[in-house]
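# Understanding the architecture of this molecule
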Amino acid sequence: MVTLVPVVDISNPGATSLAALDTACRDHGFFLLSGHGLDEVIARTFEAARRFFESAPAVKEAIRRDAVNPLGYNDRELTKRRRDHKEVFDFVDPVQGRSQAYNRWPEVDGFREAMVEHYDACSDLAARTTDLVLAALGMPERLQRSHRGDRTTSNMRLNHYTLGDPVPASERDGLAELADDVALGHHTDLGLLTLLIQDDVGGLQAESAEHGWIDVEPRPGTIVVNLGDCMQVWTNDGYRAAVHRVLPMSTSTRMSIPYFLNPERNCVVEPIAELAGDTPVYRPFPFRQLIDARSADNYADAGAPDTQISDFRVGV
């Protein structure tokens, strides 16, 4: 039986697992990491996240996202112009400058400490995972060193997928339509790659070029990795930004925790010359332009499809 979403032991990746990773990244952009050593960190993060989502509405409302600050709590985010079946909490690197102005922490004991620990651990693991992906692609180490993400531009999120509409009935007037066939609509992440911790509920699906929609099933002890838009640009379409969605919750809620590894905010994103040769598929663009546009798209319905990397293709 062919394993569509391979498991790679990052502590000891062999040639066979790297070949499977390469195949998966060309088809759908997903694989699983084992050997990461973060089980205890993950357990503490999940416990803190549960306590936050179970807290009183006033605790969440005190840190609600707004048009000025994209971080904090939100229960009415949009994907493809439809409202998601989830509530979220977002924050950026807690140790860098802009975190003081933007990060908002709830009044939940031990919450901030757990999130900081998780962010630090995932920042290190994301750098190692980027090297792993580029090695599978066959890039020499000198190029790997110059193509890594930046933890200070990256961000982390807590997702809580609810049973039914996350917004109280009394607050729904004027909101965008709630998605009815998915809990989270199909989309790609905008950065380099995402490290995703998911519970045992399931519902995550990836779009395979060969097999259509496939399940990314929970597997104990593993972390889900999916590639983002900027990795697809770097590899000149050699590797695929993972198109993924989450099916509606029918019997229980679901929780997941993604860490989004992004390039440096002011960098120019373009195909790596050694991979693109004389035929780059994308024109250079500042990462800031993509991240600002996508953040605005997710907050409010602008009346048009959200920004995609296809907008930066040569000739568009």
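Structure: above.
Attention in this report is confined to the structure presented alongside it. Within every chain, residues take consecutive numbers counted from 1 along the sequence as written. Where local features are concerned, this predicted model is filtered to residues with pLDDT of at least 70; where side-chain atom pairs are given and counted, the filter is 80 or more; whole-chain, interface and lining totals use all residues. In computing side-chain values, all of the structure's heavy atoms are included and hydrogens and water are not.

### A look at the pattern of salt bridges
What counts is decided by this rule: Salt bridges are identified by distance alone: a Lys or Arg side-chain nitrogen within 4 Å of an Asp or Glu carboxyl oxygen. Numbering of helices and strands runs from the N terminus, with a helix taken as a DSSP run of H or I at least four residues long and a strand as a DSSP run of E at least two residues long. Whether a residue is buried, partly exposed or exposed follows from its accessible area with a 1.4 Å probe, protein chains only, as a fraction of its type maximum: under 20%, in between, or over 50%, in that order.
Scanning the model with the defined rule gives 24 salt bridges in all. Between Glu77 and Arg157 there is a salt bridge, with the nearest N and O atoms lying 2.7 Å from each other. Residue Glu77 is found in the loop between strand 3 (72-74) and strand 4 (78-79), and its partner Arg157 is found in strand 7 (residues 155-161); the two are separated by 80 residues along the sequence. Of the two residues, Glu77 and Arg157, neither departs from the other in class, the shared state being buried. With a shortest N-O distance of 3.8 Å, Asp124 and Arg128 are connected by a salt bridge. In this pair, Asp124 and Arg128 are both assigned in helix 5 (residues 111-136), 4 residues apart and thus about one turn of the helix distant. Taking the relative accessible area as the measure of exposure, Arg128 reaches 33% and is therefore partly exposed. Bridged by salt links that share partners, the residues Glu61, Arg64, Asp75, Arg76 and Glu171 form one connected network.

### Concerning the sheet that holds strand 11 (residues 212-215)
Let me state the cut-off plainly: In this scheme, strands are said to pair when DSSP sees at least two bridges between them. In this analysis an axis means a line fitted to C-alpha atoms, helices contributing only their contacting stretch, and an angle means the value between N-to-C directions, from 0 to 180 degrees.
Strand order across the open sheet formed by 4 strands is 8-13-10-11, with antiparallel pairing between neighbours. Both edges of this open sheet fall to strand 8 (184-187) and strand 11, since each of them pairs with a single strand only. Here the average twist between neighbouring strands, direction ignored, is 25 degrees. As judged from the 3 bridges shared by strand 10 (residues 204-208) and strand 13 (residues 244-246), these two strands associate in the antiparallel manner. Its bridge partner being in strand 13, Ala206 is matched across the sheet by His244.

### Observations concerning unusual backbone geometry
Positive phi, close to 55 degrees, is recorded for Lys80, a residue that is not glycine. Note that Lys80 resides in the loop between strand 4 and strand 5 (82-83). Phi angles above zero are rare outside glycine, and Asn236 is one such case at about 55 degrees. You can see Asn236 is positioned in the loop between helix 7 (229-234) and strand 13.

### Quick word on the packing of aromatic side chains
The geometry of an aromatic ring pair is captured by the separation of the ring centres together with the interplanar angle, meaning the angle of the planes. Our working definition: For this analysis, a ring pair means two rings from Phe, Tyr or Trp (six-membered ring only for Trp) whose centres lie within 6.5 Å, classed as stacked if their planes differ by under 30 degrees, edge-to-face if by over 60, and tilted for the remaining angles. Sitting over a ring, as applied to charges here, requires NZ of Lys or CZ of Arg to be within 6 Å of the ring centre and within 35 degrees of the ring normal.
For the structure on display, the rule yields 12 aromatic pairs. When the ring of Phe52 is compared with that of Phe53, the centres are 5.1 Å apart and the planes differ by 55 degrees; the resulting orientation is tilted. Like Phe52, the residue Phe53 is buried in the burial classification. For the pair Tyr119 and Tyr259, a centre-to-centre distance of 5.0 Å together with 65 degrees between the ring planes defines the contact as edge-to-face. One end of the pair, Tyr119, is in helix 5; the other, Tyr259, is in strand 14 (residues 254-261), and 140 residues separate them in sequence. As far as burial versus exposure is concerned, Tyr119 and Tyr259 are alike and both buried. Its guanidinium or amino end placed over the ring of Trp213, Arg245 lies 3.9 Å from that ring's centre, counting from NZ or CZ.

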